[in-house]
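Summary of structural features
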Amino acid sequence: MNVKLVDRDYLILKEIDRWRVITGKHICYMCGFSGQRACDRRLNKLINIGIIRRKKYIYGFPGIYSLTSTGKKLLSVPNRAEHIRIEQIAHDIAVLDTAIYFNKKFGIAFSDIKTEKQLHKQDGFGVRKHRPDFVFSKDNNLICVEVELSLKSKNRFSNNILSNFTDYYIQIWVVPDKNSSVTEYLLNMKKDYPNIKIIELKEVKDYGFNTTS
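This report concerns the structure included in the present document.

Rules of the game
Once a new chain begins, its residue numbering starts again from 1 and follows that chain's sequence as written. Local features in a predicted model are, by the rule used here, given only for residues with pLDDT of at least 70; side-chain atom pairs are given and counted only at 80 or more, and totals for whole chains, interfaces and linings are based on all residues. Calculated side-chain values reflect all of the structure's heavy atoms, with hydrogen atoms and water omitted. Strands here are runs of E lasting at least two residues and helices are runs of H or I lasting at least four, both read from the DSSP assignment and numbered beginning at the N terminus. Each residue's exposure class comes from its accessible area (1.4 Å probe, protein chains only) as a fraction of the maximum for that residue type: buried when under 20%, exposed when over 50%, partly exposed otherwise. By definition in these notes, contact holds between two residues if any of their heavy atoms fall within 4.5 Å. All accessible-area figures derive from a Shrake-Rupley calculation using a 1.4 Å probe, and residue coverage is judged against the displayed protein chains alone. We score Asp and Glu as negative and Lys and Arg as positive, and we do not count His or the chain ends. The atoms used to mark charge sites are NZ of Lys, CZ of Arg, CG of Asp and CD of Glu. Residues belong to a common nonpolar core when they are buried Ala, Val, Leu, Ile, Met, Phe, Trp, Tyr or Cys residues joined through side-chain atoms within 4.5 Å. Note on pairing: two strands pair once DSSP finds at least 2 bridges between them. The convention used is that axes are lines fitted to C-alpha atoms, helices contributing only their stretch in contact, and that angles between N-to-C directions extend from 0 to 180 degrees. When an angle is under 35 degrees it counts as roughly parallel; over 145 it counts as roughly antiparallel; between 65 and 115 it counts as roughly perpendicular; any other value is oblique. In this scheme the handedness of a crossing depends on how the near helix is turned from the far one: anticlockwise by less than a right angle means left-handed, clockwise means right-handed. Each residue receives one of three labels: charged for Asp, Glu, Lys and Arg, nonpolar for Ala, Val, Leu, Ile, Met, Phe, Trp, Tyr, Cys and Pro, and polar for the others, Gly being one of them. Counted as salt bridges are all cases of a side-chain nitrogen of Lys or Arg within 4 Å of a carboxyl oxygen of Asp or Glu. What counts as a ring pair is set by centres within 6.5 Å for rings of Phe, Tyr and Trp (its six-membered ring), and what kind of pair is set by the plane angle: stacked under 30 degrees, edge-to-face over 60, tilted for all other angles.

**Some remarks on the overall build of the protein**
The secondary structure content of the protein amounts to 9 helices and 7 strands. For the protein, the spread of C-alpha atoms along the three principal axes comes to 60 × 40 × 35 Å. Counting the 213 residues in the protein, one finds 46% classified as buried. Considering only contacts within the protein whose residues lie at least 6 apart along the sequence, 62% involve residues at least 24 apart. Of the roughly 11,600 Å² that the protein leaves accessible, carbon and sulfur atoms contribute 49%. Taken together, the 36 basic and 23 acidic charged side chains of the protein have centroids lying 6 Å from each other.

Shown next, in the form of structure tokens:
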């Protein structure tokens, strides 16, 4: 199949590359398609010429897109193996939903968002420090966003909050709901770290973007 690549195709490749996971619904919105059908047709063409792939990992979740080695070559990015962590897919999809929420509600351009994956690349792969799920600048202030769906290690959580307090003007945490253990912990930490802001995941979903709907 002979397919001439256009600017939007390269945008698709870039969005696939910079997020840990991405679905067709996210690509449709982020890349400005008129509708999901038109987006899916284009994605299928890119699959057929071997520059992207689509795979379902979990029942109930949409297929996840990734770049093939040919797609990575087109972007001039390293051809490293991508490891999808199945236990983290729900979190990673919520991160994308949250990025779209900030775009729709606050007008944050996707081009102004730096993802965790991009920040780690910027650090260099030999450096492993905490990085938020994504960051952006607003009114010349650097803001970070974290999606925290379950309370795991309190020590690690505290260290991440401290790191964000040091590095960012505001740290926004997206939590499962107002009664979660994550929310309770953040409210306690807010006494010492007043730059903490909390958003419930329901607000993200209710604002108009739900991947699984």
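**As for the nonpolar core**
Counting residues in each nonpolar core, the largest one holds 44 residues, and the members touching the most others are Trp19, Ile27, Ile52, Phe102 and Phe134. A total of 9 residues in this core trace back to one element, the largest contributor, which is helix H5 (residues 89-106). Contacts of Phe134, omitting those with residues within four sequence positions, involve Trp19, Val95, Thr98, Ala99, Phe102, Ile113, Lys114, Thr115, Glu116, Ile143, Cys144 and Val145. Formed by 10 residues, the second largest nonpolar core is a distinct cluster that contains Tyr185, Leu186, Met189 and Ile196.

**Let's talk about the pairing of strand E2 (residues 64-67)**
Neither face of E2 is open: one carries Ile64 and Ser66, the other Tyr65 and Leu67, and all of them are buried. Two strands pair when backbone bridges link them, and strand E1 (residues 52-55) and E2 are joined in this way by 4 bridges, in the antiparallel orientation. Bridging across to E2, Arg53 finds its partner in Ser66.

**A word on the side chain of Thr68**
Residue position: Thr68 is located in the loop between E2 and helix H4 (69-75). Setting aside residues up to four positions removed in sequence, Thr68 forms contacts with Gly50, Ile51, Ile52 and Arg53.

**A closer look at the packing of helix H7 (residues 154-167) against helix H8 (residues 181-189)**
For the pair H7 and H8, interaxial distance at closest approach is 12 Å and the crossing angle is 50°. Here H7 lies oblique to H8, going by the angle between them. For H7 against H8, the interelement crossing comes out right-handed. Seen from H7, the contacting residues are Lys154, Phe157, Ser158 and Ile161; seen from H8, they are Val182, Tyr185, Leu186 and Met189. When the residues that make up the contact of H7 with H8 are grouped by side-chain class, the tally is 6 nonpolar, 1 polar and 1 charged.

**Observations concerning the pattern of salt bridges**
This structure, assessed with the given rule, holds 11 salt bridges. As a salt-bridge pair, Glu203 and Lys105 come within 2.9 Å of each other at their nearest N and O atoms. Of this pair, Glu203 sits in helix H9 (residues 201-206) while Lys105 sits in helix H5, and the two are 98 residues apart along the sequence. The partly exposed category is assigned to Glu203, whose relative accessible area is 31%. Residues joined by salt bridges that share partners form a network here, namely Lys72, Glu82 and Lys117.

**Some remarks on the pairing of strand E7 (residues 196-200)**
The pairing of strand E6 (residues 170-175) with E7 spans 5 bridges and is parallel. The partner of Gln171 across the bridge, within E7, is Ile196.

**Quick word on the packing of aromatic side chains**
Tallied over the full model, the rule gives 10 aromatic pairs. Measuring from ring centre to ring centre gives 6.4 Å for Trp19 and Phe134, while their planes differ by 75°; the resulting arrangement is edge-to-face. Of the two residues, Trp19 sits in the loop between helix H1 (7-18) and helix H2 (24-30) while Phe134 sits in strand E4 (residues 134-138), which places them 115 residues apart along the sequence. Across the pair, exposure class does not vary: Trp19 and Phe134 are buried alike.

Taken by themselves, the reported measurements are silent on function.
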